[in-house]
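Spelled out, the chains give:
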Amino acid sequence: MSVAPGRRGAIAFFVTFSVCLIALAAALNVGWIVLTWQQVVPLLLGVLVFAAIITGLILNTTYLVREIRRNEQHDAFVNAVTHELKTPVTSIRLHLDTLRARSATLPEDKRQEFYGVMHEDTDRLLHTIEQVLRTGQAGRGPLQRARFDLRDLVAEQLALATTRRHLPEGAVHLVPHAETAPAIVFGDRAELASAITNLVDNAIKYSGDRVDVAVAVVRHGHRVVVRVTDHGPGIPPEDLKRVFRRFYRVPGPLTQRIRGTGLGLFIVSTAARRHGGRAWATSHGPGRGATFHLDLPLAPEGVV
Ligand code: ADP
């Protein structure tokens, strides 16, 4: 998340100010030791008071910088969501106005094309609204658990993503399973569907024009891992963990060009944690693709 120049100036000022105060306190501390080295009680008292002041200053500065960064992230999030809501609404409005103004003359194929665009725009709107709602509820509310085969759910979501994004057959493909045994989990189908969709949608979205996404569902003992691999821009090592934070987007031209809210991976990691699993990312670095892993426990025997 990039920090605006004005805020960066404010952060730099407060950090410098705190560093100066710490240096001053340290100098006073040394002076106090030199002046009172023969009197043990005032010496100890002075050292303790100065240590308390320095600790307070460090805590204060850390808190301040963290708050400024958090505000910055909220601003970026509000901008992103506003854009994600406004763009499809404006597009729907434009198409509706054209349909109304030219209802008598508009050829049927054009009319159908407009309906298609409006349908996609409402999908986009719904997606953004669902992301925001899911984030608001993250970690709260009981899971609606049921037993189901995770491989079926993954196959369903891949088919949906392929249709929704008008991708050619095979652009997003399921790696053939090495085992015949199903991967039965005991979880909330809707929540896990949303997590898988987010991973697959990101892999498509960040791949650009050349979409080649492989999804594997692999069993390991009592656990199952869904792996989504793309050949897109990849993720720098320092951001591999940060991308799962709420509102976090990797800074740079890519995230300026490709719109998003920074909520998808937070939803993925929350769903994983609520199911006793975890989510993580690996990448060989910028330009070399990324793999997202969603690890979940298999359903215990006898649980219905
Ligand atoms: P959004 O995609 O809406 O920005 P996410 O939480 O889904 O939010 O992702 C957070 C960030 O992680 C993205 O902004 C992007 O920088 C990075 N990211 C996610 N998936 C990928 C991917 N498959 N390849 C490269 N970067 C990714």
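Residues numbered from 1 in each chain as written. Predicted model: local features only at pLDDT ≥ 70, side-chain atom pairs only at ≥ 80, totals over all residues. Heavy atoms only, no water.

### Describing the side chain of aspartate 149
Okay, step 1: Within the fold, aspartate 149 resides in strand β1 (residues 145-149).
Okay, step 2: In contact with aspartate 149, not counting residues within four places along its chain, are Pro182, Ala183 and Ile184. (Helix = DSSP H or I, 4+ residues; strand = E, 2+ residues; numbered from the N terminus. Contact = heavy atoms within 4.5 Å.)

### Thoughts on helix α5 (residues 189-205)
Okay, step 1: The terminal C-alpha atoms of α5, which comprises 17 residues, lie 24 Å apart, in line with the 24 Å expected from a rise of 1.5 Å per residue.
Okay, step 2: For α5, a buried count of 14 out of 17 residues is recorded, marking the element as mostly surrounded by other parts of the structure. (Expected span 1.5 Å × (residues − 1). Buried < 20%, exposed > 50% of the residue type's maximum accessible area, 1.4 Å probe, protein only.)

### Observations regarding the site of the ligand
Okay, step 1: Near the ligand there are 19 residues, and of these Asn202, Tyr206, Asp230, Arg249 and Thr261 occur at the shortest range.
Okay, step 2: A distance of 3.0 Å separates an oxygen atom of the ligand from a polar atom in the side chain of lysine 205.
Okay, step 3: At 2.8 Å, a backbone N or O of threonine 261 approaches an oxygen atom of the ligand.
Okay, step 4: Starting from 530 Å² of accessible surface for the ligand in isolation, the protein chains cover 98%.
Okay, step 5: Looking at the shell around the ligand, the elements that each hand over two or more residues are α5 and α7 (264-274).
Okay, step 6: In terms of residue count, the dominant contributor to the shell around the ligand is α5 (3 residues).
Okay, step 7: Within the shell around the ligand, the residues separate by chemical class into 9 nonpolar, 7 polar and 3 charged. (Near = heavy atom within 4 Å. Polar contact = N/O pair within 3.5 Å; in protein donor to acceptor, adjacent residues only side chain to side chain. Areas by Shrake-Rupley, 256 points an atom, 1.4 Å probe, with all protein chains shown as cover. Nonpolar A, V, L, I, M, F, W, Y, C, P; charged D, E, K, R; others polar.)

### A word on a nonpolar patch on the surface
Okay, step 1: Together, Phe13, Phe14, Phe17, Leu21, Leu24 and Leu28 make up a nonpolar patch on the protein surface, roughly 580 Å² of accessible area in all.
Okay, step 2: Tracing the sequence through the fold places leucine 21 in helix α1 (residues 5-36). (Patch = residues over 30% accessible without salt bridge, like charges linked within 9 Å, V, L, I, M, F, W, Y side chains within 5 Å. Salt bridge = Lys/Arg side-chain N within 4 Å of Asp/Glu carboxyl O.)

### Some points on the domain arrangement of the chain
Okay, step 1: You can read the domains of the chain as domain 1 (1-136) and domain 2 (146-297).
Okay, step 2: Counting from both sides, the interface comprises 18 residues of domain 1 and, opposite them, 19 residues of domain 2.
Okay, step 3: In this assembly, domain 1 packs against domain 2 so that about 1,500 Å² is buried in total across both faces, 60% of it on carbon and sulfur atoms.
Okay, step 4: On inspection of domain 1 and its partner domain 2, the count reaches 0 salt bridges.
Okay, step 5: Taken together, the links from domain 1 to domain 2 amount to 4 residue pairs in polar contact (both at pLDDT 80 or more). (Domains from an automatic or database assignment. Buried area = accessible area lost by both parts, 1.4 Å probe.)

### Quick look at the sheet that holds strand β6 (residues 278-283)
Okay, step 1: Across the sheet, 5 strands lie side by side as β2-β4-β5-β7-β6; this open sheet has mixed pairing. Two strands in the sheet have a free side with no partner beyond their single neighbour: β2 (172-174) and β6. The mean angle between the axes of side-by-side strands here comes to 20 degrees, regardless of whether they run parallel or antiparallel.
Okay, step 2: Two elements, β6 and strand β7 (residues 290-297), share 6 bridges in a ladder whose sense is antiparallel. Bridged to threonine 282 within β7 is threonine 291.
Okay, step 3: Contacting β2, β4 (213-220), β5 (223-230) and β7, α5 crosses the sheet at an angle of about 170 degrees to β7. (Pairing = 2+ DSSP bridges. Axes fitted to C-alpha atoms, helices over the stretch in contact; angles between N-to-C directions.)

### Focus: the pairing of β6
Okay, step 1: By the alternation rule, side chains of β6 split into Ala279, Ala281 and Ser283, which are all buried, and Arg278, Trp280 and Thr282, of which none is buried.
Okay, step 2: Once β6 ends, the chain turns through 6 residues before running back antiparallel as β7, passing glycine 285 with a positive phi of about 110 degrees.

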